[in-house]
Amino acid sequence: MRCRKWCLYRHARTLLGAASRDKKIFLKGLCWVMGTAPPLYRLALERGSSAREALHVITGLLERYGQGGSCREDPTPFCYHNTFLLADRTEAWVLETAGRLWAAQRIQEGVHNISNQLSIGSDISAEHPELRPHARAQGWWDGQGTFDFAQVFSLSQQPVRMEAAKARFRAGRELLQQQQGGITAEVMMGILRDKESGICMDSGGFRTTASMVSVLPRDPTQPCVHFLTATPDPSRSVFKPFIFGVGAAQPPQVLSPTFGAQDPVRTLPRFQTQVDRRHPLYRGHQVALGLMESEQAQGQQLRQKQRDLEQEGLAAVRGLLTRECAPPTQELGGLFQAFVEKESQAYA
């Protein structure tokens, strides 16, 4: 993330230009909690019009309700605490949590990333009032030396599956620092597609679900633009521009099916069956991936179509932000749908 203009995160955005992104973490001396990050950042985006307001929303909900809730459709619990990146047109924050406790750091300059581990050390801009007393009561901190949040609260030995997070965190920071001063939307897309670092995951039973890059111009007269893949594996997906405005809506091609009262999340006991929640574009994309892997010539053609479509979207956004092209407001809201339809046609 480049402070003040660029940020990358899961699919979360709001009309007023605040944005959030979360990661799971494992901490010492605390009971694991189920992942509640998605509803937390959804509520933050709904109720906060800025990164600072989003910070207050999340911390307020944490202090009142704590963290809890299933993070996947599986009877076996998968539990963790959460960290967040919060950004708007003018400032950015990192929020890291431990149950109801939390610490936050305002990012003043440069770049910052998160990846399944605590990153806030002694540079704490805001914190839960019981954070240090709790650490002292647990014997993790003597109350005299420097209070390093990451050092005090992190497990000395992370779960095996999380060891890769350390290397991923370092790689992400290095990739950002290499481009510092010249970060563009395309640079961010490239970082999200980096498989060597593990940022783009496609192994060990995990695959990057979807990716997003947002442009948050400091000029309030310019729209915030969100490039969404809406499909897994960004290394073989298309980042498509989305702009909130008149006519903005969710295209039916990226609308997941609903199952009403028969949904495994509603029936008791829960999650005893599985359903196909993939939306039409997702299914078409999966077929395209299969062709890319098995049919070299046809796969190369599909990949080139993806690249061309993405470049078309980037060119449209560049023209919009440089004021070289100023389409009617009603057309901006339909931009994402137009590109989703083009991608769907490419796979058909």
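Residues numbered from 1 in each chain as written. Predicted model: local features only at pLDDT ≥ 70, side-chain atom pairs only at ≥ 80, totals over all residues. Heavy atoms only, no water.

(A) The nonpolar core, seen in detail. If you look at the biggest cluster of nonpolar residues, it comprises 38 residues, and the most contacted ones within it are A185, M189, V213, V225, F227 and F336. Elements supplying a minimum of two residues to this core: helix 5 (163-179), helix 6 (185-192), strand 9 (212-215), strand 10 (225-228), helix 7 (280-294), helix 8 (296-321) and helix 10 (335-347). Judged by nonpolar contacts, the second largest core, of 23 residues, contains L118, W140, F147 and A150. (Core = buried A, V, L, I, M, F, W, Y, C linked by side-chain atoms within 4.5 Å. Buried < 20%, exposed > 50% of the residue type's maximum accessible area, 1.4 Å probe, protein only. Helix = DSSP H or I, 4+ residues; strand = E, 2+ residues; numbered from the N terminus.)

(B) Representation of the environment of H279 in the model. With respect to the helices, strands and loops of the structure, H279 is situated in the loop between strand 11 (240-242) and helix 7. On the basis of relative accessibility, which here comes to 8%, the residue H279 falls in the buried class. Expressed as a C-alpha distance, the spacing of H279 and Q253, which sit 26 residues apart in the sequence, is 6.3 Å. Apart from residues lying up to four places away in sequence, H279 is in contact with A230, Q253, V254, L255 and S256. Within the local environment of H279, its side chain forms a polar contact with the backbone oxygen of A230, the two atoms lying 3.0 Å apart. (Contact = heavy atoms within 4.5 Å. Polar contact = N/O pair within 3.5 Å; in protein donor to acceptor, adjacent residues only side chain to side chain.)

(C) Structural detail: the packing of aromatic side chains. By the definition in use, this model includes five aromatic pairs. Ring plane angle 80° and centroid distance 5.0 Å describe the contact between F242 and F244, whose orientation is recorded as edge-to-face. With a relative accessible area of 6%, F242 lands in the buried category. Given the relative accessible area of 31%, F244 is considered partly exposed. Ring geometry for F242 and F336: centres 5.6 Å apart, planes at 65°, overall edge-to-face. Within this pair, whereas F242 is found in strand 11, its partner F336 is found in helix 10, the two being separated by 94 residues in sequence. For the pair F242 and F336, a shared accessibility class is recorded, and that class is buried. Through a chain of ring-to-ring contacts, three or more aromatic side chains come together here, namely W140, F149 and F153. A cation sits over an aromatic face here: K342 above F339, 5.0 Å from the ring centre. (Phe/Tyr/Trp six-rings, centres within 6.5 Å; stacked < 30°, edge-to-face > 60°. Lys NZ or Arg CZ within 6 Å of the ring centre and 35° of its normal.)

(D) Layout of the confidence of the model for the protein. Of the residues in the protein, 84% have a pLDDT of 70 or more, and the chain-wide mean is 84. Put simply, strand 1 (residues 6-8) is where the protein has its lowest mean pLDDT, 33, and strand 6 (residues 126-127) is where it has its highest, 98. Overall, residues 26-35 carries pLDDT values under 50, and its contacts beyond four positions in sequence, including any with other chains, amount to 50 contacts. (pLDDT = per-residue confidence, 0-100.)

(E) Examining helix 7 more closely. For helix 7, spanning 15 residues, the distance from its first C-alpha to its last is 22 Å, which sits close to the expected 21 Å at 1.5 Å a residue. Burial in helix 7 covers these residues: L281, H285, A288, L289 and M292. Looking straight down helix 7, one finds that the buried residues subtend no more than 105° of arc, so they occupy a single side. In helix 7, the exposed positions angled more than 90 degrees off the buried face are occupied by V287 and S294. For helix 7, the secondary structure elements touched by its buried residues are strand 8 (206-207), strand 11, helix 8 and helix 10. (Expected span 1.5 Å × (residues − 1). Arc of directions from axis to C-beta.)

(F) Region of interest: the packing of helix 8 against helix 10. Where helix 8 meets helix 10, the closest approach of the two axes is 10 Å, and the angle between their N-to-C directions is 170°. By the angle between their axes, helix 8 is roughly antiparallel relative to helix 10. Contacts between helix 8 and helix 10 involve L302, K305, Q306, L309, E312 and G313 from the first element and F339, K342, E343, A346 and Y347 from the second. Split into classes, the residues belonging to the contact of helix 8 with helix 10 amount to five nonpolar, two polar and four charged. (Axes fitted to C-alpha atoms, helices over the stretch in contact; angles between N-to-C directions. Parallel < 35°, antiparallel > 145°, perpendicular 65-115°, else oblique. Nonpolar A, V, L, I, M, F, W, Y, C, P; charged D, E, K, R; others polar.)

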